[in-house]
Amino acid sequence: LGVQAQRVRTDALAPEDAVDAETAERFAEARTDSYVVGAAHLRVGHHWRLVGIELGAMMTSGATDGSGVSILPQGELTLGPRDVFYVLGGAGVSQLTSIRRHDYPYFGLGIPLGESSVEARFSISQSWQPAQLRGDLFWTVPINPVWSLRAGLAFGRVEDWTREASLGCILHL
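Rules used throughout
Residues numbered from 1 in each chain as written. Predicted model: local features only at pLDDT ≥ 70, side-chain atom pairs only at ≥ 80, totals over all residues. Heavy atoms only, no water. Helix = DSSP H or I, 4+ residues; strand = E, 2+ residues; numbered from the N terminus. Buried < 20%, exposed > 50% of the residue type's maximum accessible area, 1.4 Å probe, protein only. Contact = heavy atoms within 4.5 Å. Areas by Shrake-Rupley, 256 points an atom, 1.4 Å probe, with all protein chains shown as cover. Phe/Tyr/Trp six-rings, centres within 6.5 Å; stacked < 30°, edge-to-face > 60°. Lys NZ or Arg CZ within 6 Å of the ring centre and 35° of its normal. Polar contact = N/O pair within 3.5 Å; in protein donor to acceptor, adjacent residues only side chain to side chain. Salt bridge = Lys/Arg side-chain N within 4 Å of Asp/Glu carboxyl O.

### Description of the overall build of the protein chain
No. 1: Broken down by element type, the protein chain carries one helix and ten strands.
No. 2: For the protein chain, the residues scored as buried account for 35% of the 173 residues in total.
No. 3: By sequence separation, contacts in the protein chain at least 24 residues apart represent 40% of the contacts at least 6 residues apart.
No. 4: A total accessible area of about 10,500 Å² is found for the protein chain, and carbon and sulfur atoms account for 64% of it.

### Considering the packing of aromatic side chains
No. 1: Evaluated as defined, the whole model comprises zero aromatic pairs.
No. 2: In this structure, Arg 82 packs its charged tip against the face of Tyr 86, placed 4.1 Å from the ring centre.

### Re the side chain of Arg 43
No. 1: Its location among the elements puts Arg 43 in strand S2 (residues 33–47).
No. 2: At a separation of 3.0 Å, a polar atom in the side chain of Arg 43 contacts the side chain of Glu 54.
No. 3: At 3.5 Å, the side chain of Arg 43 forms a polar contact with the side chain of Glu 76.

### Overview of the pattern of salt bridges
No. 1: Scanning all chains against the criterion turns up six salt bridges.
No. 2: Among the ionic pairs, Glu 119 bridges to Arg 121, the shortest N-O distance being 2.5 Å. Comparing Glu 119 with Arg 121, the two get one shared label, buried.
No. 3: The class of Glu 119 is buried, set by a relative accessible area of 9%.
No. 4: Ionic contacts of the salt-bridge type, sharing partners, join the residues Arg 43, Glu 54, Glu 76, Glu 119, Arg 121 and Arg 150 into one network.

### Here's the deal with the side chain of Glu 76
No. 1: Of note, Glu 76 is situated in strand S4 (residues 69–79).
No. 2: Taking relative accessible area as the criterion, Glu 76 reaches 7% and is therefore assigned buried.
No. 3: At 2.9 Å, the side chain of Glu 76 and the side chain of Arg 121 are in polar contact.
No. 4: Among all residues touching Glu 76, those that are not within four sequence positions of it are Arg 43, Gly 52, Ile 53, Glu 54, Gly 89, Gly 90, Tyr 106 and Arg 121.

### Some details on the environment of Val 141
No. 1: Here Val 141 is to be found in strand S8 (residues 132–142).
No. 2: Along the primary structure Val 141 and Glu 115 are separated by 26 residues, whereas in three dimensions their C-alpha atoms are 7.0 Å apart.
No. 3: Residue contacts for Val 141: discarding those within four places in its chain leaves Ser 116, Ser 148 and Leu 149.

See the structure below:
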């Protein structure tokens, strides 16, 4: 279960950065766009020693303008001894602490580090147009049997390298 909010801000370029008079006029009329996007993730599943499965959905408010609601399905399968290493694959949102990052199928590897674990996932993200390779690296640290802290880093290449960081909690029911 995850709930989050993201503030999005877009600033127009200054008119003097425009290439021609028509573009300069549009820039002069443009305003700063700012809104908050909210999202909730819900996944249910179970992890045995060699196999794990999770199914769920992400509900997000706003597409690019902060209005409307969209629901994206999620699913993930893990294989391997979870106390040694495991491989994983899924579709939907590869990182529970991301908003509006719906990916084509993703694949990865998880390695336990004592009580915590590290996962690396790779996907083709349709969040960026055209679709591009995206990588996610997560570190999950149990706080107690019910709560875990999850830190994430993501990177991808669109025109230049893009990146994001996230911090969230996971509730295990």
